[in-house]
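# Coordinate inspection notes
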Amino acid sequence: MNAIQKTSRRGFLKAGALAGGGLVIGFVVPVAARMALAQQAQAATTASFAPNAFLRIAGDDSITVLLAHSEMGQGIWTALPMLIAEELDADWSRITVEHAPAAQAYAHTGFGMQMTGGSTTTWSEFDRYRQAGAAARAMLVQAAAARLGVPAAEIRTENGEVVAGDQRVRYGALADDAGKLAAPDPKSLALKDPKAWKLIGKPTRRLDTPEKISGRAIFGIDVQFDGLKTAMVARAPVFGGSVKSFDATAAKAVPGVRDVVQVPSGVAVIADHYWAAKLGRDALKVDWDPGPNAALDTQALHAEFAKLAGTPGAVAVQAGDAAAAMATAAKTVEAEYTVPYLAHATMEPLNCTVKIDADQCEIWTGTQFQTIDQQVAAKITGLKPEQILIHTTFLGGGFGRRATPTSDFVNEAVEVAKAAKVPVKTVWSREDDMRGGYYRPAYVQKAKVGLDADGVPVAWQQVMVGQSILAGTPFEPMMVKNGIDATSVEGVADSPYVKGTPAHRVDLHSPKTGIPVLWWRSVGHSYNGFVMESLVDELAHAAGKDPLAYRRQLLKDHPRHLAALNLAAEKFGWDTPLAKGRGKGIAVHESFGSFVAQAAEVSVEDMRDGSRAIKVHRVVCAIDCGPVVNPLTVAAQMESGIAFGLGAALYSKLTFRDGRVQESNYHDYRVLRMSEMPKVEVHIVPSSEKMGGVGEPGTPPIAPAVANAVFALTGQRLRELPLRLAANDTAATSAAKS
């Protein structure tokens, strides 16, 4: 590999402007060799102390923290080092971070494999990373005691130094001595009392921000080295389709195209660079066998799901006789809710670089599933898992798409490199992923709730219809029981509203459609939060009660729900009248161990074409996630989750016709735009309860909060995502005349 080019993107733009007299839009592509250079620099250091797999201290006082998880914007590049630095009493300015290699030492403490997902990173590592820091500190103190001739009990540490009376020794100076000591069992060490924390819980700026805003950060798409080729794969336009035959003559005639090879997923065009690969693929002639799914159609699927929702399914949860209790209800509320298939729509399209040698396979990619990628690559190459070296880069968005149980994009890239017999970076266009990737499943749910004379639920029946994301995956034995995919019913089967109803029953149908589905940010909670909090709003109005007061009544025995709900309502000013033309709605939902409430303020604008646009002006969010490592990360993730969920609430939708996905990119698969982002306030509930996650829980409450606000303003109850108001007939007629 050649050395990394360190020219900044800003510098490149400036140089281009000076050379040509105008603005040149382009980037200097960083090279994967940066990792190798970092390793060489570390090896050249005079002393290095690595007490465990999670950190090392060099003779120059630098402290490198190795992340067992992947940084994809959620802030663990800062949060996990904070845990080590706290117990180590490190000098925060000396902290650097690297993604760890794929190895069993970095396996998730809960899942037994190296992975990032489920909003589990911080709570799963909270003890392990603090213990790693405490172990290093103990060894440094022991080394200092021997050098200074002072009992270890009389030594303290602060800001990267060991202090004994008026003597001070920097950690780097002790690295060599400490490295010769036996490491203590981290679990045997006493960790700091939270009252003594100096870093944990304090607002801390992200360590990866300078790298990202300067363009120095390496994402998978940036990887480049001498001899590397780029590939694009032509895949079947219908899921389950396959290649019957292909003609590569025109593709090979494109300048820069070096080879065309068939792989299990389709036909790969290998070229010197991306544009040649794209043009070569465009010129490729492939005769496809569409397979069994050529008739897939969204409307037909919805009709099938809706029909199933009227029949009993596998029982997810049940208590009492819901049908008998329903007959005694003073009032009943019935509703059908629908959510569409959704793409992950990450900013960085999928990509993976693979270099295969006789005795090893190197992979550079942004992945959430290192262990599975390693196993898949080993099977394809015939190598042992430990011979598969995975270099995890920054991820330009994950949201679950880079955590496929089939390891689809890594699997394909290894197959391409194996067939091409050269190092290859396989790149997906956004259209490729939008039309040939994995999706959040569509669901239809029918609910019937019986209320007593006071409006309290006495009977609850709900039937859910949608695909299982775990069926047929390695996770099925653990998370699918008696036909119930736990992720399908999360947020419903365990809802305090359902469980608090004396007689209740929740059924599930998991039809198979041929459409590949996968976890999407907040997984089942992403749609179940919308259904449950919209439905409870309906119950409140049926009972003639204020939506906030009604939730307080139903959640009276759930203090963490109430704490988040009350804080959001207080900061929003729920009892203060809004300006004319504004509506308010509220929702609260538990997911991934955290409790999030959001209140939204909306208005509706009549458009010239007769449509009515929903505008969200303000969102006030409150979260109880237990102990907080970095409040800035919590706030950022709530804002991010709201933006992600709001795009899905207002715009995003995938449709199928004749077996093919109709949407292709951001122009017809809308996500939230910067100008549409509302003002967001985030408030954290002080809590010493069990720690939850923050990467995903901000998403579920936003759609129902907005839908409930729209109802309060317009009287229209919107039960389908994305939210669509009935047309303004007067405006439509006027527009037609003009």
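Residues numbered from 1 in each chain as written. Predicted model: local features only at pLDDT ≥ 70, side-chain atom pairs only at ≥ 80, totals over all residues. Heavy atoms only, no water.

With an omega of -5 degrees, the peptide bond between Leu-721 and Pro-722 qualifies as cis. Of note, Pro-722 is situated in the loop between helix H21 (702-714) and helix H22 (729-737). The phi dihedral of Ala-345 is positive, around 50 degrees, even though this residue is not glycine. Along the chain, Ala-345 falls in the loop between strand E14 (331-339) and strand E15 (351-356). Given a relative accessible area of 16%, Ala-345 falls into the buried group. Even without being a glycine, Asn-482 presents a positive backbone phi close to 55 degrees. Mapping Asn-482 onto the fold places it in the loop between strand E21 (480-481) and strand E22 (484-485). Residue classification places Asn-482 among the exposed residues on the basis of a relative accessible area of 76%. (Helix = DSSP H or I, 4+ residues; strand = E, 2+ residues; numbered from the N terminus. Buried < 20%, exposed > 50% of the residue type's maximum accessible area, 1.4 Å probe, protein only.)

Taken as a whole and assessed by the stated rule, the structure comprises 18 aromatic pairs. Residues Trp-520 and Phe-644 carry aromatic rings whose centres are separated by 4.7 Å and whose planes lie at 40 degrees to one another, so their mutual orientation is tilted. Here Trp-520 is found in the loop between strand E23 (503-509) and helix H17 (525-542), whereas its partner Phe-644 is found in helix H20 (residues 631-650), with 124 residues between them in sequence. Owing to a relative accessible area of 4%, Trp-520 belongs among the buried residues under this scheme. Three or more aromatic residues link up through ring pairs in this structure, and these residues are Phe-239, Tyr-341, Tyr-439 and Phe-656. (Phe/Tyr/Trp six-rings, centres within 6.5 Å; stacked < 30°, edge-to-face > 60°.)

Now for the environment of Phe-225. Secondary-structure assignment places Phe-225 in the loop between helix H6 (209-214) and strand E8 (229-235). By relative accessible area, Phe-225 is classed as buried at 4%. For the pair Phe-225 and Asn-411, spaced 186 residues apart in the sequence, the C-alpha separation amounts to 21 Å.

Turning next to the packing of helix H3 (residues 76-88) against helix H4 (residues 121-148). Direction vectors running N to C along H3 and H4 enclose 35 degrees, while the axes themselves pass 7 Å from each other. Where H3 crosses over H4, the handedness of that crossing is right-handed. Counting all contacts with H3, which are made through Ile-76, Ala-79, Leu-80, Leu-83, Ile-84, Glu-87 and Leu-88, the residues of H4 involved are Thr-121, Thr-122, Glu-125, Phe-126, Tyr-129, Arg-130, Ala-132, Gly-133, Ala-134, Ala-136, Arg-137 and Leu-140. For the contact of H3 with H4, the residue count by class is 12 nonpolar, three polar and four charged. (Axes fitted to C-alpha atoms, helices over the stretch in contact; angles between N-to-C directions. Left-handed = near helix turned anticlockwise from the far one by under 90°. Contact = heavy atoms within 4.5 Å. Nonpolar A, V, L, I, M, F, W, Y, C, P; charged D, E, K, R; others polar.)

Here we take up the sheet that holds strand E16 (residues 361-365). The seven strands are arranged E10-E11-E8-E18-E15-E16-E17 in an open sheet whose pairing can be described as mixed. With one partner strand each, in any of the chains shown, strand E10 (257-263) and strand E17 (388-392) form the two edges of the open sheet. Ignoring strand direction, the axes of neighbouring strands in this sheet form an average angle of 25 degrees. Here four bridges tie E15 to E16, and the two strands are oriented antiparallel to one another. (Pairing = 2+ DSSP bridges.)

Okay, the state of the cysteines next. What the rule picks out here adds up to zero disulfides. Looking at the unpaired Cys-352, the closest cysteine sulfur is the one in Cys-361, lying at 8.3 Å. Looking at Cys-352, the relative accessible area reads 0%, which means it is buried. Distance from the sulfur of Cys-621, which forms no disulfide, to the nearest cysteine sulfur (Cys-625) is 10 Å. Relative accessible area serves as the criterion here: at 0%, Cys-621 is assigned to the buried category. (Disulfide = S-S within 2.5 Å.)

Let's shift gears to the confidence of the model for the chain. Taken over all residues, the pLDDT of the chain has a mean of 93, while the share at 70 or more is 92%. This stretch, residues 1-46, has a pLDDT under 50; its non-local contacts, to residues over four places away or in other chains, come to 62 contacts. Low confidence marks residues 731-738, where pLDDT is under 50. Its contacts with residues over four positions away, or in another chain, come to eight contacts. (pLDDT = per-residue confidence, 0-100.)

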